[in-house]
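Spelled out, the chains give:
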Amino acid sequence: MKYKTTTVGADKIILANDHYIAVPYDCTALTALATNHVIPAGTVIPSNDASAKGVLLTAVDLSENPNGTIVVHGFIRSDKLPTAPAETAKAALKLVQFV
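First, a word on what this report is: a plain description of the structure on this page. (Residues numbered from 1 in each chain as written. Predicted model: local features only at pLDDT ≥ 70, side-chain atom pairs only at ≥ 80, totals over all residues. Heavy atoms only, no water.)

1. Points about the overall build of the protein chain
Step number 1: Of the regular secondary structure elements, the protein chain holds one helix and seven strands.
Step number 2: Computed over the C-alpha atoms, the radius of gyration of the protein chain is 13 Å, within 12% of the 13 Å expected from 2.2 N^0.38 for a compact globule of 99 residues.
Step number 3: Taken along the three principal axes of its C-alpha coordinates, the protein chain extends 45 × 30 × 20 Å.
Step number 4: Across the 99 residues of the protein chain, 31% fall into the buried class.
Step number 5: Of the contacts formed within the protein chain by residues at least 6 apart in sequence, a portion of 59% connects residues at least 24 apart.
Step number 6: Per element, the accessible surface of the protein chain, about 6200 Å² overall, is 55% carbon and sulfur.
Step number 7: The centroid of the 8 positive side-chain charges in the protein chain is displaced by 2 Å from the centroid of its 8 negative side-chain charges. (Helix = DSSP H or I, 4+ residues; strand = E, 2+ residues; numbered from the N terminus. Rg over C-alpha atoms; globule rule 2.2 N^0.38 Å. Buried < 20%, exposed > 50% of the residue type's maximum accessible area, 1.4 Å probe, protein only. Contact = heavy atoms within 4.5 Å. Areas by Shrake-Rupley, 256 points an atom, 1.4 Å probe, with all protein chains shown as cover. Lys, Arg positive; Asp, Glu negative; His and termini not counted. Charge placed at Lys NZ, Arg CZ, Asp CG, Glu CD.)

2. Structural notes on the pattern of salt bridges
Step number 1: One pass over the structure, following the stated rule, counts two salt bridges.
Step number 2: Notably, a salt bridge pairs R77 with D79, separated by 2.9 Å at the nearest N-O pair.
Step number 3: R77 sits in the partly exposed class, given a relative accessible area of 31%.
Step number 4: The salt bridge involving K90 is made with E87; its shortest N-O contact spans 3.7 Å. (Salt bridge = Lys/Arg side-chain N within 4 Å of Asp/Glu carboxyl O.)

3. Topic: the pairing of strand β6 (residues 67-76)
Step number 1: Pairing of strand β1 (residues 15-26) with β6, which is carried by eight bridges, proceeds in the antiparallel orientation. For I21, the partnering residue across the bridge sits in β6 and is H73.
Step number 2: The pairing of strand β4 (residues 54-56) with β6 spans two bridges and is classified as antiparallel. Bridge pairing in β6 places L56 opposite I70. (Pairing = 2+ DSSP bridges.)

4. Here we look at the nonpolar core
Step number 1: Core analysis: the biggest nonpolar cluster contains 14 residues, and I14, L15, V55, I76, L81, L93 and F98 have the highest contact counts within it.
Step number 2: Of all elements in the fold, only β6 and β7 (96-98) reach the threshold of two or more residues within this core.
Step number 3: Look past the residues within four positions of I14 in its chain and what remains in contact with it is A41, G42, V55, L56, L57, F75, I76, R77, K80 and L81.
Step number 4: Counting residues in each nonpolar core, the second largest holds nine residues, with Y25, L30, L56 and V60 among its members. (Core = buried A, V, L, I, M, F, W, Y, C linked by side-chain atoms within 4.5 Å.)

5. Notes on the side chain of T43
Step number 1: Among the secondary structure elements, T43 is positioned in the loop between β2 (38-39) and β3 (44-45).
Step number 2: Residue T43 is classed as buried on the basis of its relative accessible area of 10%.
Step number 3: Looking at T43, its side chain comes within polar contact range of the main-chain oxygen of P40, at 2.7 Å.
Step number 4: Contact partners of T43, with chain neighbours within four places excluded, come to L33, G54, V55, L56 and P82. (Polar contact = N/O pair within 3.5 Å; in protein donor to acceptor, adjacent residues only side chain to side chain.)

Any functional reading would require information beyond the geometric quantities listed.
Written out as structure tokens, the structure is:
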């Protein structure tokens, strides 16, 4: 089987430690969050408000593979995020701590 590897930039390590739980997430409908078809690691998913479900663990290239992984429990470094999480998003992400 042939496959192609495309580098979309260096992934940021957003985790503060190795204690986290992440689940798969289909990012197909999140085109508004992408720049050049890439949603950066650390983006609050699906939006930075009370509907937040998690934080994107690694960058997702929507043109290649729209499947991503979101952190639903753990410790996230705020200084590594592309945008600071809103207070309503922090309240919705009860099991995620931003340090």
